[in-house]
Every structure is written in C-alpha cells, then in structure tokens.
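# Coordinate inspection notes
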Amino acid sequence: MQKGSGAVLRAEELVLRRGGHDVVAGLGLEIMPGEAIMLLGRNGAGKSTLLRALAGLLRPTSGRVCWNGADIREDLAEHGQRLRWVGHLDAAKPSLTVRENLRFLARLLGGEVQQALDAMALNAIADQPARSLSSGQRRRLALSRLVLGQAPLWLLDEPTVGLDAASVARLGPVLARHRAAGGMIVAATHLPLPVTDMREVTL
Ligand SMILES: Nc1ncnc2c1ncn2[C@@H]1O[C@H](COP(=O)(O)OP(=O)(O)OP(=O)(O)O)[C@@H](O)[C@H]1O
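Residues numbered from 1 in each chain as written. Predicted model: local features only at pLDDT ≥ 70, side-chain atom pairs only at ≥ 80, totals over all residues. Heavy atoms only, no water.

## Details of the side chain of Asp157
Mapped onto the elements of the fold, Asp157 is located in strand β7 (residues 153–157). In this structure Asp157 is buried but unpaired, with Lys47 as the nearest side chain of opposite charge at 7.2 Å. Only 2.8 Å separates the side chain of Asp157 from the side chain of Ser48, close enough to count as a polar contact. In this structure, Asp157 is in contact with Ser48, Leu51, Val86, Gly87, His88, Arg139 and Ala188, ignoring residues within four places of it in sequence. (Helix = DSSP H or I, 4+ residues; strand = E, 2+ residues; numbered from the N terminus. Buried < 20%, exposed > 50% of the residue type's maximum accessible area, 1.4 Å probe, protein only. Lys, Arg positive; Asp, Glu negative; His and termini not counted. Salt bridge = Lys/Arg side-chain N within 4 Å of Asp/Glu carboxyl O. Polar contact = N/O pair within 3.5 Å; in protein donor to acceptor, adjacent residues only side chain to side chain. Contact = heavy atoms within 4.5 Å.)

## Quick notes on the side chain of Ser144
Checked against the element boundaries, Ser144 lands in helix α5 (residues 135–144). Beyond its immediate chain neighbours, meaning those up to four positions away, Ser144 contacts Leu102, Ala116, Met120 and Leu122.

## Considering the sheet that holds strand β1 (residues 9–18)
The strands that make up a sheet are held in pairs by hydrogen bonds between backbone atoms, and each pair lies either parallel or antiparallel. Strand order across the open sheet formed by four strands is β2-β1-β4-β5, with antiparallel pairing between neighbours. On the outer flanks of this sheet lie β2 (21–31) and β5 (70–71), each paired with one strand and no other. Sheet analysis places β1 next to β2, joined by eight bridges and oriented antiparallel. By the bridge assignment for β2, Arg10 is matched with Glu30. (Pairing = 2+ DSSP bridges.)

## Observations concerning unusual backbone geometry
A positive phi angle, close to 55 degrees, is found at Asn68, a residue other than glycine. As for its placement among the helices and strands, Asn68 is situated in the loop between β4 (62–67) and β5.

## Thoughts on the UniProt feature "domain: ABC transporter" (unreviewed entry) in the chain
When the UniProt feature table is mapped onto this chain numbering, "domain: ABC transporter" (unreviewed entry) sits at residues 9–203. In residues 9–203, helix accounts for 31% and strand for 27%; the two terminal C-alpha atoms are 18 Å from one another. (UniProt positions renumbered as here; feature names shortened; annotations may be inferred.)

## Quick word on the sheet that holds strand β9 (residues 199–202)
Read across the open sheet, the five strands follow the order β6-β7-β8-β3-β9; overall the sheet is parallel. On the outer flanks of this sheet lie β6 (83–86) and β9, each paired with one strand and no other. Neighbour to neighbour, the strand axes of the sheet diverge by 15 degrees on average, direction disregarded. Examined bridge by bridge, strand β3 (residues 36–40) and β9 share four bridges and lie parallel to one another. Along β9, the bridge assignment pairs Leu40 with Thr202. (Axes fitted to C-alpha atoms, helices over the stretch in contact; angles between N-to-C directions.)

## As for α5
Across the ten residues of α5, eight count as buried, placing the element largely inside the fold. Those residues of α5 that sit buried are Gly136, Gln137, Arg139, Arg140, Leu141, Ala142, Leu143 and Ser144. Those residues of α5 that are buried are in contact with β6, α3 (98–109), α4 (113–119), β7 and α6 (165–180).

## A closer look at the site of the ligand
Close contacts around the ligand come from Arg18, Gly19, Val23, Arg42, Asn43, Gly44, Ala45, Gly46, Lys47, Ser48, Thr49 and His190, and that covers them all. Gly46 is positioned with one of its backbone polar atoms (N or O) 2.9 Å from an oxygen atom of the ligand. Between the ligand and His190 there is a distance of 2.7 Å, counted from an oxygen atom to a side-chain nitrogen or oxygen. About the coverage of the ligand: the protein hides 61% of its 640 Å² of free accessible area. The element contributing the most residues to the shell around the ligand is helix α1 (residues 47–55), with three residues. Split by residue class, the shell around the ligand holds two nonpolar, seven polar and three charged. (Near = heavy atom within 4 Å. Areas by Shrake-Rupley, 256 points an atom, 1.4 Å probe, with all protein chains shown as cover. Nonpolar A, V, L, I, M, F, W, Y, C, P; charged D, E, K, R; others polar.)

Okay, here's the thing in structure tokens:
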C-alpha cells in the first residue's frame, strides 16, 4: 500500500459525454489516502460513468484523471494494477469453486485465500462452484476479492446491492481496514454504506 506516499487521485475539469450529452460536465474531485467518497445521484446521473473514467476504462471527452499528478492515460496498465473494481458484472469463473476462484486470483494479486473467505463469510460455500451461487453470494465473492493484494484504490459500483443485512455489516470492517492502511474508496450507491466519515459527492 502507498501509505504516507501522498498518492492522490484527482479528476480535473472532467467532461464525460455519453449518448450525445455531457453526463459529467467539468467535474473536479480529489481523493487522498484513507479517504472514502460516496457518489450519489438519480438513475442516469453519471455515477457509473465517472467510476469508469476513474478506472481508466472510459476516455474523458476533456479534462483528465491524474494519479500523483500524472495523467492515468500515460500508463493505463499501471493504473489498472493500483485499483480494484467491483461492478455489476463479476469476473468469477463459473466452473471453479469459490475457493478455487480466490486461489486463482491470489496467485495473480497476492494475499491469503482464507482471509478473503473470512472477510465475507464464504467458508460455508467455499467448495460450491461459482455458477451455483445466488446473486448475493456472487456479490460477496466479488467483494471478498478486494482483500487480496494491496491495491490502494477501490472503485465500487453499488457494492451492497443484493446483500443481506449481515453481509452489509461484514463489509464495514473490510472497508475500514482498507482506509486505515491508507487505501482510498470511491463508491456509487443508492443504499447506505457501512462506512463512517464518507464524503458525499452528488452528481
Ligand atoms: N454506453 C453508453 N452509450 C450511451 N449512453 C450511455 C452509455 N452508458 C451510459 N450512458 C448514459 O449515460 C448516462 C449516465 O449513465 P450511468 O450508468 O453513468 O448512470 P448512473 O448514475 O450510474 O445510474 P444508475 O443509478 O441507474 O446506476 C445515462 O443517461 C445513460 O443512458
């Protein structure tokens, strides 16, 4: 983790055009180590669009997204390595069990499979193939992957959709530990998140 390095994600005069109109028009945003931002706004306000731009998945119409002052587009592969994304699609391999999916990722990203299983209480379904999971269980698997490795930036699109109350509560310490280690979170949500001291940005 880049604790103490002053790493900062910054959007400067960001314009994001989708479907012929500016969904985001001249946004400035800065996030420091340990900070969490909650993106709010009606359906279609541009929350997912902004997250995609912060991830480098969408090229800004104008303006830029910087990491430590350098445009992320100068090295998108490096930017990809410093972030984790949890969105509507999960990347689980359907034929692998929950544990095998995590093992596969841990080889790429580092971290402990057991820690990920514990983080989102997946032990009881660890040997079930991913294709047999319910939507809430799939979301828990996607969230458990956050704790593998040390990516400083977590971009979360509706992270608690489909989660039961116990799973939402379990996510709280996962997010808090990340922030305590200097990690950053930007989350788009319509639901309350189990996070204290989160800065709200309404699009
Ligand atoms: N691939 C695309 N092509 C054209 N328009 C798009 C595309 N993706 C998104 N849009 C438009 O951009 C706008 C913002 O969409 P976005 O998904 O960012 O909203 P959101 O705030 O995340 O909404 P929700 O709360 O419903 O998830 C919407 O008007 C949407 O129709």
